[in-house]
Amino acid sequence: MDGAAETMGRMASFYAGYGPTYDFNGLDNWLDACALPSLGKSWNDLQSLPGSHRPRTTCGQEFKDLYETYQLDFDPDRFPNRADDQVGQYYPMLAVTGVLVGDGVTEWKRAMSVYLSAQPFSFRPSFDDVKFGYFGQTQDLDVIQARLNEMYPDKEHAKKFHKIGPTPWKNALAASISEPGLGNGYELNGRNLIGVGGWADPLRVYAANALHPLGKSIVLTSAGDINGFARACASTLGATDEQLDVLLALSTDDSEILQQLGAASAVWCANWELMNNDPDPLFDDGYGAPMATEDPYLLNMPQSYANTVPPFDDVLGCSAHSIS
């Protein structure tokens, strides 16, 4: 997973303009030619627009040339890698992964020791020892924890909030994308925590609202029963059916997933089932997917999103109430 995080960091370094040979003039020319004409269009639409050397090039080809030249020139000894920056270093941001704490760490180490000795083993943690771990700047995490206790004192998601602390993006990415099935649990160095993947707290609305109570929380999610994977992970880690219903069910109004959808300023409802080995339909859907909101600012802001709709009544996964 470290290699994947490093690759993502190199991609992010391009967008951040890192490195001594970065082609700022080329990017300026590309933005001058392609930014405004592409407003409201998908990446597929953007590719065929005339580029800055019209009519000889397209926006897609020019961007490809800029990116590939940057990656060919990338020298790890001279180019900063965005993945080495701290989470939230320049702007309040958070990264999330599930963690085992306390007796859960002890149980994991016992089970791993037996497994590595090639003996039959069992792994039965208590779900009370499973927390939703947040990477970020210490001051931001302190604010979130204090406000969660004030704003959502009875919510299970808020009770499971756990401050991990500052870390480089490469560590957070490696932790979050290490989903069960792609990697086993892993020790977070020096923290007495076991990471168990980025399935935890899938919407994160409570944490976002706690960090910026006067801001706007926009949830990007998908229609359909998208919580099956998270439910399976939580069940493996000891969650009871009752705990699963409270945290993740889409079929009861008592579910905190539905309550978080209702607490968001807007719900952007894409369709992730369109992927099917071809990302283009997913991108096209995402760029034009309906965003449900009643927030006056989001509805009336300059250049507001074109496809805004009223809150969904009957879209499983995007409606803030159960659907029979």
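The text that follows walks through the structure, step by step, so that each part is easy to find. On a predicted model such as this, the values are computed, not experimentally measured, just so you know.

### As for the packing of helix H2 (residues 24-34) against helix H4 (residues 59-73)
Turning to step 1, where the next piece is worked out: Where H2 contacts H4, the axes come no closer than 11 Å and their chain directions differ by 160°. When the interaxial angle is binned, H2 and H4 end up roughly antiparallel. The chirality of how H2 crosses H4 is left-handed. Along its contact with H2, which presents Gly26, Leu27, Trp30 and Cys34, the element H4 presents Cys59, Glu62, Phe63 and Leu66.
Turning to step 2, where the next piece is worked out: Broken down by class, the residue content of the contact of H2 with H4 amounts to 6 nonpolar, 1 polar and 1 charged.

### Some thoughts on the pattern of salt bridges
Turning to step 1, where the next piece is worked out: According to the stated counting rule, one finds 10 salt bridges in the structure shown.
Turning to step 2, where the next piece is worked out: Note that Glu156 and Lys159 form a salt bridge whose closest N and O atoms lie 3.4 Å from each other. One end of the pair is Glu156 and the other is Lys159, both in helix H7 (residues 156-159) and 3 residues apart, which spans about a single turn.
Turning to step 3, where the next piece is worked out: Among the residues examined, Lys159 registers a relative accessible area of 46% and is labelled partly exposed.

### Things to note about the nonpolar core
Turning to step 1, where the next piece is worked out: Leu100, Phe127, Tyr134, Ile144, Leu148, Trp199 and Leu237 are the most contacted members of the largest nonpolar core, which has 44 residues in total.
Turning to step 2, where the next piece is worked out: Not counting residues up to four positions away in its chain, the partners in contact with Ile144 are Leu94, Phe161, Ala207, Ala210 and Leu211.
Turning to step 3, where the next piece is worked out: Counting 15 residues, the second largest nonpolar core, distinct from the first, contains Phe14, Cys34, Cys59 and Tyr70.

### Considerations on the pairing of strand E7 (residues 266-270)
Turning to step 1, where the next piece is worked out: Burial analysis of E7 places 4 of its 5 residues in the buried class, which makes it a mostly covered element.
Turning to step 2, where the next piece is worked out: For E7 and strand E8 (residues 291-293), the ladder comprises 3 bridges, and the chain directions are antiparallel. Bridged to Ala266 within E8 is Thr293.

### Points about empty space enclosed by the protein
Empty space left among the atoms is revealed by rolling a probe the size of a water molecule over them.
Turning to step 1, where the next piece is worked out: Under the definition given, this model contains 1 cavity of 30 Å³ or more.
Turning to step 2, where the next piece is worked out: Of the voids in this model, the largest cavity is the one considered here, and its volume is about 40 Å³.
Turning to step 3, where the next piece is worked out: Tyr134, Leu148, His157, Ala158, Phe161, Asp201, Tyr206 and Ala207 are the residues that line the largest cavity.
Turning to step 4, where the next piece is worked out: Among the secondary structure elements, those contributing two or more residues to the lining of the largest cavity are H7 and helix H9 (205-211).

### Things to note about the sheet that holds strand E2 (residues 130-135)
Turning to step 1, where the next piece is worked out: Spatially, the 5 strands line up as an open sheet ordered E3-E2-E1-E5-E4, and their pairing is mixed. Whereas interior strands pair on both sides, the edge strands pair on one side only; in this sheet they are strand E3 (161-165) and strand E4 (186-188). Neighbour-to-neighbour, the strand axes of this sheet turn through a mean angle of 45°, independent of strand direction.
Turning to step 2, where the next piece is worked out: Sheet topology note: the strand E1 (residues 95-100)/E2 ladder contains 6 bridges and is antiparallel. What sits directly across from Thr97, in E2, is Gly133.
Turning to step 3, where the next piece is worked out: Lying on the sheet, helix H6 (residues 138-151) is in contact with E2 and E3; it crosses E3 at an angle near 170°.

### A closer look at a negative patch on the surface
Turning to step 1, where the next piece is worked out: Taken together, Asp45, Asp278, Asp280 and Asp284 make up a surface patch of like negative charges.
Turning to step 2, where the next piece is worked out: Looking at the secondary structure, you find Asp284 in helix H13 (residues 279-288).

### Structural notes on the side chain of Arg82
Turning to step 1, where the next piece is worked out: Its place among the elements puts Arg82 in the loop between H4 and E1.
Turning to step 2, where the next piece is worked out: In contact with Arg82, not counting residues within four places along its chain, are Gly9, Ala12, Ser13, Ala16, Tyr18, Tyr90 and Trp169.

### Structural notes on a nonpolar patch on the surface
Turning to step 1, where the next piece is worked out: On the surface, Tyr15, Trp43, Phe283 and Tyr287 cluster together into a nonpolar patch covering about 430 Å² of accessible area.
Turning to step 2, where the next piece is worked out: Topologically, Tyr287 is positioned in helix H13.

### Focus on the sheet that holds E7
Turning to step 1, where the next piece is worked out: The strand order across the open sheet built from 4 strands is E6-E7-E8-E9, with neighbouring strands paired in mixed fashion. Either end of the sheet is taken by a strand with one partner, and the two such strands are strand E6 (218-222) and strand E9 (308-309).

### Concerning the state of the cysteines
Turning to step 1, where the next piece is worked out: For the structure on display, the rule yields 2 disulfides.
Turning to step 2, where the next piece is worked out: Note on cysteine connectivity: Cys34 is disulfide-linked to Cys59, with sulfurs 2.0 Å apart. The sign of the -100° torsion about the S-S bond sets the Cys34-Cys59 disulfide as left-handed. Residue Cys34 is found in helix H2, and its partner Cys59 is found in helix H4; the two are separated by 25 residues along the sequence.
Turning to step 3, where the next piece is worked out: Assessed through its relative accessible area of 1%, Cys59 is described here as buried.
Turning to step 4, where the next piece is worked out: Covalently, Cys269 is tied to Cys318 through a disulfide, its sulfur atoms 2.0 Å apart. Measuring handedness by torsion sign, the sulfur bridge of Cys269 and Cys318 sits at about 85° and is right-handed. With Cys269 in strand E7 and Cys318 in the segment after E9, this pair connects stretches of sequence that are 49 residues apart. This pair shows no difference in class: Cys269 is buried, exactly as Cys318 is.
Turning to step 5, where the next piece is worked out: Once the bonded cysteines of the protein are numbered in order along the sequence, the disulfide links fall as 1-2, 3-4.

Thresholds, definitions, all that
- Residues numbered from 1 in each chain as written.
- Predicted model: local features only at pLDDT ≥ 70, side-chain atom pairs only at ≥ 80, totals over all residues.
- Heavy atoms only, no water.
- Axes fitted to C-alpha atoms, helices over the stretch in contact; angles between N-to-C directions.
- Helix = DSSP H or I, 4+ residues; strand = E, 2+ residues; numbered from the N terminus.
- Parallel < 35°, antiparallel > 145°, perpendicular 65-115°, else oblique.
- Left-handed = near helix turned anticlockwise from the far one by under 90°.
- Contact = heavy atoms within 4.5 Å.
- Nonpolar A, V, L, I, M, F, W, Y, C, P; charged D, E, K, R; others polar.
- Salt bridge = Lys/Arg side-chain N within 4 Å of Asp/Glu carboxyl O.
- Buried < 20%, exposed > 50% of the residue type's maximum accessible area, 1.4 Å probe, protein only.
- Core = buried A, V, L, I, M, F, W, Y, C linked by side-chain atoms within 4.5 Å.
- Pairing = 2+ DSSP bridges.
- 1 Å grid on protein atoms, 1.4 Å probe; cavity = no way out; pocket = protein on both sides within 12 Å on 5 of 7 lines; lining within 4 Å.
- Points joined across faces, edges and corners; volume = space filled by probe spheres on them.
- Patch = residues over 30% accessible without salt bridge, like charges linked within 9 Å, V, L, I, M, F, W, Y side chains within 5 Å.
- Areas by Shrake-Rupley, 256 points an atom, 1.4 Å probe, with all protein chains shown as cover.
- Lys, Arg positive; Asp, Glu negative; His and termini not counted.
- Charge placed at Lys NZ, Arg CZ, Asp CG, Glu CD.
- Disulfide = S-S within 2.5 Å.

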